[in-house]
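# Structural description and commentary
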Amino acid sequence: MKKIAILGSTGSIGTQTLDVVDKEGDLEVTALTAHSNIDLLEKQIRKYRPALAAVDQEDKAAELRLRIADTDTRVLGGPEGVAECAAASDAEMVVTAIVGIAGLDATLAAIEAGKDIALANKETLVTAGDIVMPLARERGVNILPVDSEHSAIFQSISDQKKFLKRIIITASGGPFFGMKREELAKKTRFDALKHPNWNMGAKITVDSATLVNKGLEIIEAKHLFGLDVDHITPVVHRESIIHSLVEFTDGSVIGQLGVPDMRLPIAYALTWPLRKGPVSQPLDLVRVGRLTFYEIDNSAFPAVELAKKAARIGGTMPAVLNGANEEAVAAFLRDGCGFLEITELIERAMENHRPVEDPTVDDIKAADAEARELVRANLNIAS
Ligand code: NAD
Ligand code: MG
């Protein structure tokens, strides 16, 4: 039995990870954490009987403690409790399925404790990749990508890293593919939450509509695979069948294909270097029929270029891009700003920021806070 802890077990990736646990049969859950959804967390605790659980919101943690007093699970509270779950359980691997920079401390705690990471929480690498990756190397920790594109890149590189020339990262294009700015200006959260191929948490679904997600993923790939962003080419691939590709020095291109189902990359991260029984439907290429590819429309969707710019500047700039985006998306999800404003606010936060080189975790958090503050101030002026 391989022991795993799941941070963010009540979310889209968290629940699909538990589905993989049910299907694989040789994975044991030793810790589960959530932000506030204690109804679902209670059900999960009763089913998987982990030794540890944590709830980010202290009052909810206290309530859960009472509810599950008849079990052997110890419930911790607050961000420190979540980080303790990451480090203290006897898991060999921690699945980081928390959304946003909120996952950073717990990911660092897990790495410090020598746990392998199945990384879904891309914001951790975007904001602090220059700290996370060297720390993982120092502690001998493997970071296995859960993000479908990065899992595809990882699988395609295999043992040929030294011949890697370029990464081709695919993007579905999201629900607003082909639209121009006039049309995008009218889009609401209801429109943005209808993703054509993937069923995901609200934040990443909006990120897929703005293409901020692809920008974040380019920075994530830079850290995971050690290529600069100019050697990572995004391409729109509407069917989400080819999850990404790599080009080697001889010009050969290798990609990974599969049905769009996050349980595939989740299972691969959990069972690597092995492959176990099927967790999803087989791919029927004849039924898919056609695979199509398009360039990114950078004038309608400026997010990819903004992310590349933030990565080239480096230091605290990617944390500003990410923090401004998290704050703007939260506003968009409560109808507090328009769709196009999300990337405008990111751009403004980046213009306003004086990046710190070789930042510490505290510098990164300060940059994140500054970006959020600037977004909030701009939203107040506008409303
Ligand atoms: P989600 O919103 O569905 O779930 C987020 C989880 O994190 C929940 O369990 C929630 O309780 C927890 N959480 C939220 N805020 C927290 C906080 N402040 N402290 C502690 N826990 C907190 O999100 P998701 O779609 O599952 O995405 C999770 C991560 O995986 C994101 O970084 C996302 O970019 C990445 N990812 C998701 C998908 C997908 O298909 N959903 C695909 C690739 C990558
Ligand atoms: Mg992805």
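Sequence order as written defines residue numbering, which begins from 1 separately in each chain. Lettering for chains starts from A, numbering for ligands starts from 1, and both go in the order in which the items are written. Where local features are concerned, this predicted model is filtered to residues with pLDDT of at least 70; where side-chain atom pairs are given and counted, the filter is 80 or more; whole-chain, interface and lining totals use all residues. Calculated side-chain values reflect all of the structure's heavy atoms, with hydrogen atoms and water omitted.

### Quick look at the pairing of strand β9 (residues 232-237)
Of all 6 residues making up β9, 5 are buried, and the element is well covered by its neighbours. At least two bridges found by DSSP between two strands are what make those strands a pair. The secondary structure listing takes helices from DSSP runs of H or I that are at least 4 residues long and strands from runs of E that are at least 2 residues long, numbered from the N terminus. Pairing analysis gives 5 bridges linking strand β8 (residues 164-171) to β9, with the strands arranged parallel. Across the sheet, residue Ile-168 finds its bridge partner in β9, namely Thr-233. In the sheet, β9 pairs with strand β12 (residues 293-294) via 2 bridges, with the strands oriented antiparallel. Counted as the bridge partner of Val-236 is Tyr-294 from β12. For the exposure calls, accessible area comes from a 1.4 Å probe over protein chains only, and a residue counts as buried if that area is under 20% of its type's maximum, exposed if over 50%, partly exposed in between.

### Digging into the domain arrangement of the chain
The domains assigned to the chain are domain 1 (2-145), domain 2 (148-302) and domain 3 (314-383). An automatic or database domain assignment provides the domain bounds reported here. Relative placement of domain 2 and domain 3: their C-alpha centres are 24 Å apart. When checking whether two residues touch, look at their non-hydrogen atoms; a contact exists if any pair is within 4.5 Å. On the domain 3 side, the residues contacting the 19 residues of domain 2 number 15 residues. Buried area is understood as the total, over both parts, of accessible area removed when two parts are fitted together, assessed with a 1.4 Å probe. Taken together, the two surfaces of domain 2 and domain 3 that pack against each other cover about 1,400 Å², and 75% of this comes from carbon and sulfur. Any Lys or Arg side-chain nitrogen found within 4 Å of a carboxyl oxygen on Asp or Glu counts as a salt bridge. For the pair domain 2 and domain 3, the interface holds 2 salt bridges.

### Notes on the site of ligand 1
Lining the immediate environment of ligand 1, one finds 22 residues, of which Thr-10, Ser-12, His-35, Glu-123 and Gly-201 sit closest. For the purposes of these results, a polar contact is taken to be a pair of N or O atoms within 3.5 Å, where, inside protein, one atom must be able to donate a hydrogen and its partner to accept one; residues adjacent in sequence count only when each atom of the pair is a side-chain atom. The contact in question runs from an oxygen atom of ligand 1 to an N or O atom on the backbone of Gly-8, over 3.1 Å. Between ligand 1 and the protein, one listed contact pairs an oxygen atom with a backbone N or O atom of Ile-13 at 2.9 Å. Contact with the protein chains hides 87% of the accessible area of ligand 1, taken as 830 Å² for the molecule alone. In this text, near means that some heavy atom of the residue lies within 4 Å of the molecule or strand in question. Only the protein chains shown count as cover for residues, and all accessible areas are computed by the Shrake-Rupley method using a 1.4 Å probe.

### Some details on the coordination of the magnesium ion (ligand 2)
Note that water is not among the atoms used; donors are N, O and S atoms within 2.8 Å of the metal (3.2 Å for Na, K and Ca), so sites may look incomplete. Around the magnesium ion (ligand 2), the protein supplies Asp-147 (OD), Glu-149 (OE) and Glu-217 (OE) as donor atoms, at distances of 2.1 to 2.2 Å. Counting the intervening residues between successive donors of the magnesium ion (ligand 2) yields the motif D-x1-E-x67-E. Of the two residues, Glu-149 is situated in helix α7 (residues 148-157) and Glu-217 in helix α11 (residues 212-225); the sequence distance between them amounts to 68 residues.

### Quick look at the packing of helix α1 (residues 12-24) against helix α12 (residues 263-271)
Each axis is a line fitted through C-alpha atoms, and for a helix only the stretch in contact is used; angles between axes span 0 to 180 degrees, taken between their N-to-C directions. At their nearest, the axes of α1 and α12 sit 9 Å apart, and the two run at 65 degrees to each other. Relative to α12, α1 is oriented so that their crossing is right-handed. Facing Ile-13, Gln-16, Thr-17, Asp-19, Val-20, Lys-23 and Glu-24 of α1, the residues of α12 in contact are Arg-263, Ile-266, Ala-267, Leu-270 and Thr-271. For any helix crossing, the convention is left-handed if the near helix is rotated counterclockwise from the far helix by under a right angle, and right-handed if that rotation is clockwise.

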